[in-house]
Amino acid sequence: MRFLTVKLLAATALSLTLAACVPGTPLPGATPGVAQAPVPTDNALHYAGVSDDGITVPTVPVEKVPPEFQVQQVAYDSAEAVGTIIIAPSERHLYYINGKNTALRYGIAVGRAGFQWAGVANITSRTHWPKWTPPPEMIERHPELAKWEKGQPGGPTNPLGARALYLTTNGVDYGYRIHGTPEWFSIGKNASSGCIRMINQDVMDLYNRVQDGAKVVVLNADGSYPDKLKLPPPAPKKKKPAPVEAMAPVLSATPTMLPGATILPAAPAATTAPAEASPAATMAPDATMAPAETMAPAPATTAPVAKAPAATAPVATAPAATAPASTAPAVTAPAAPAVCAVPLVNGLCPQP
């Protein structure tokens, strides 16, 4: 009888042992356990290089990262449930609640001026080595990113790093992520366009701890709890220059003067500047007052009036060409005395 009892107990123990090796349905009311990576105790080892999905994650020089931005276990008073993420942008810290009034604290980089936001969201999906597609607004600010408008594959230079946790608020995706970065030196700064950056080794560690659906609280800039979702104002769109209308040329009767052009005097009218108005013409004697040598006895037909000196004198060589003809008084040349053949009497030539 005693032998049978011992044999029955041994069989029962064996059956229970086999049942523990076979996956089954959890007992009613039981909550599946969440696998938690150990809290880092040696940051030099934590930030060492590692191969992940065939991609090498470089070693982060711990001595160049301020201690306050390296992962560490801290005391943190919070009424939030374990597994909640609280982000304090003003501190550049992310807190992962892992116990009552305790948390793992990671250093982060947050949005630059004009890109900060606050509110409550949820993690709706998580990805290894995510594909990155810059939004149109970012391409407009940085045209060199247009080559990735269809998406940049995951890899060591991808801006989203080794992991990405996608955030939505009330089912709406506003484009915010918690993700890694190859630019570990940007941690502790306002450097992003609103997303939360982490060192690649840190986001890989957080990825292993957090669950889909986890609550994420982004505090206000002053550290207070947000009462609603606060998004940055949309960037103003650049105005396109108005098309320039072609102007038809305007024809004008007035000639256009070019710089340095010389204005030539108008040609004198025949009625306003006759050649005989020149001083030379008025000073020239006519045929009745010609000198004696021109009045030599000759047939009247050989000395026509048309051949008087005034007709042959060129106007352009007159010595007083600049004097106005209208103001010059008429001058009559005195008649030359005739040649007297006998001695003069009282200066006069006696008449025969």
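Rules behind the numbers
- Residues numbered from 1 in each chain as written.
- Predicted model: local features only at pLDDT ≥ 70, side-chain atom pairs only at ≥ 80, totals over all residues.
- Heavy atoms only, no water.
- Helix = DSSP H or I, 4+ residues; strand = E, 2+ residues; numbered from the N terminus.
- Buried < 20%, exposed > 50% of the residue type's maximum accessible area, 1.4 Å probe, protein only.
- Contact = heavy atoms within 4.5 Å.
- Areas by Shrake-Rupley, 256 points an atom, 1.4 Å probe, with all protein chains shown as cover.
- Pairing = 2+ DSSP bridges.
- Phe/Tyr/Trp six-rings, centres within 6.5 Å; stacked < 30°, edge-to-face > 60°.
- Lys NZ or Arg CZ within 6 Å of the ring centre and 35° of its normal.
- Patch = residues over 30% accessible without salt bridge, like charges linked within 9 Å, V, L, I, M, F, W, Y side chains within 5 Å.
- Salt bridge = Lys/Arg side-chain N within 4 Å of Asp/Glu carboxyl O.
- Core = buried A, V, L, I, M, F, W, Y, C linked by side-chain atoms within 4.5 Å.
- Axes fitted to C-alpha atoms, helices over the stretch in contact; angles between N-to-C directions.

Right, let's talk about the overall build of the protein chain for a bit. When helices and strands are tallied, the protein chain shows six helices and 13 strands. Looking at the protein chain as a whole, 30% of its 352 residues qualify as buried. The contacts in the protein chain between residues at least 6 apart in sequence include a share of 64% that link residues at least 24 apart. Roughly 23800 Å² of accessible area belongs to the protein chain as shown, and the carbon and sulfur atoms make up 64% of that amount.

What follows deals with the pairing of strand β10 (residues 177-181). Among the five residues of β10, five are classified as buried, and the element is accordingly described as predominantly covered. With three bridges connecting them, strand β9 (residues 163-168) and β10 associate as antiparallel partners. Bridge pairing in β10 links tyrosine 166 to arginine 177. Alignment of β10 against strand β12 (residues 196-199), held across four bridges, turns out to be parallel. Its bridge partner lying in β12, glycine 180 is registered against methionine 198.

Here we come to the packing of aromatic side chains. According to the stated counting rule, one finds three aromatic pairs in the structure shown. Relative to tyrosine 95, the ring of tyrosine 76 lies with its centre 4.1 Å away and its plane at 20°, an arrangement referred to as stacked. Of this pair, tyrosine 76 sits in the loop between β3 (72-75) and β4 (85-88) while tyrosine 95 sits in strand β5 (residues 93-99), and the two are 19 residues apart along the sequence. When sorted by exposure, tyrosine 76 lands in the same class as tyrosine 95, which is buried. Ring centres 5.7 Å apart and planes at 75° place the aromatic pair tryptophan 184 and phenylalanine 185 in the edge-to-face group. Here the guanidinium or amino end of arginine 126 rests over the ring plane of tyrosine 207, the centre of that ring lying 4.7 Å away.

This part is about a nonpolar patch on the surface. Nonpolar side chains collect at one region of the surface, where Val172, Tyr174 and Leu231 lie side by side and expose about 240 Å² of accessible area between them. Note that valine 172 resides in the loop between β9 and β10.

Our focus in this paragraph is the nonpolar core. Taken as a class, soluble globular proteins show a tendency for nonpolar side chains to be buried jointly. Among the nonpolar cores identified, the biggest contains 37 residues, and Ile85, Ile87, Leu94, Ile178 and Leu206 are the most heavily contacted of them. Sorting elements by how many residues they give to this core places helix α4 (residues 200-209) first, with four residues. Those residues in contact with isoleucine 178 that sit more than four places away from it in its chain are Ile85, Ile87, Leu94, Arg163, Ala164, Leu165, Leu167, Ile196, Met198, Val203, Leu206 and Val216.

Before going further, it helps to examine the pattern of salt bridges. Evaluation of the coordinates by the stated rule reveals six salt bridges. Between arginine 126 and aspartate 212 there is a salt bridge, and its shortest N-O distance comes to 2.9 Å. Highlighted residues: arginine 126 in strand β8 (residues 119-128) and aspartate 212 in the loop between α4 and β13 (215-218), separated in sequence by 86 residues. On the basis of relative accessibility, which here comes to 46%, the residue aspartate 212 falls in the partly exposed class.

This part is about the sheet that holds β3. Across the sheet, nine strands lie side by side as β3-β6-β5-β4-β13-β8-β9-β10-β12; this open sheet has mixed pairing. Of all the strands in the sheet, the pair left with one neighbour each is β3 and β12. Strand-to-strand twist across the sheet, computed as the mean angle between neighbouring axes with direction ignored, equals 35°. With four bridges joining them, β8 and β13 adopt antiparallel strand pairing. Bridged to valine 120 within β13 is valine 217. Sitting on the sheet, α4 is in contact with β4, β5, β6 (102-107), β8, β9, β10 and β12, with an inclination near 105° to β12.

Within α4, nine of the ten residues are buried, leaving the element largely enclosed by the surrounding structure. Within α4, the full set of buried residues consists of Asn200, Gln201, Asp202, Val203, Met204, Asp205, Leu206, Tyr207 and Arg209.

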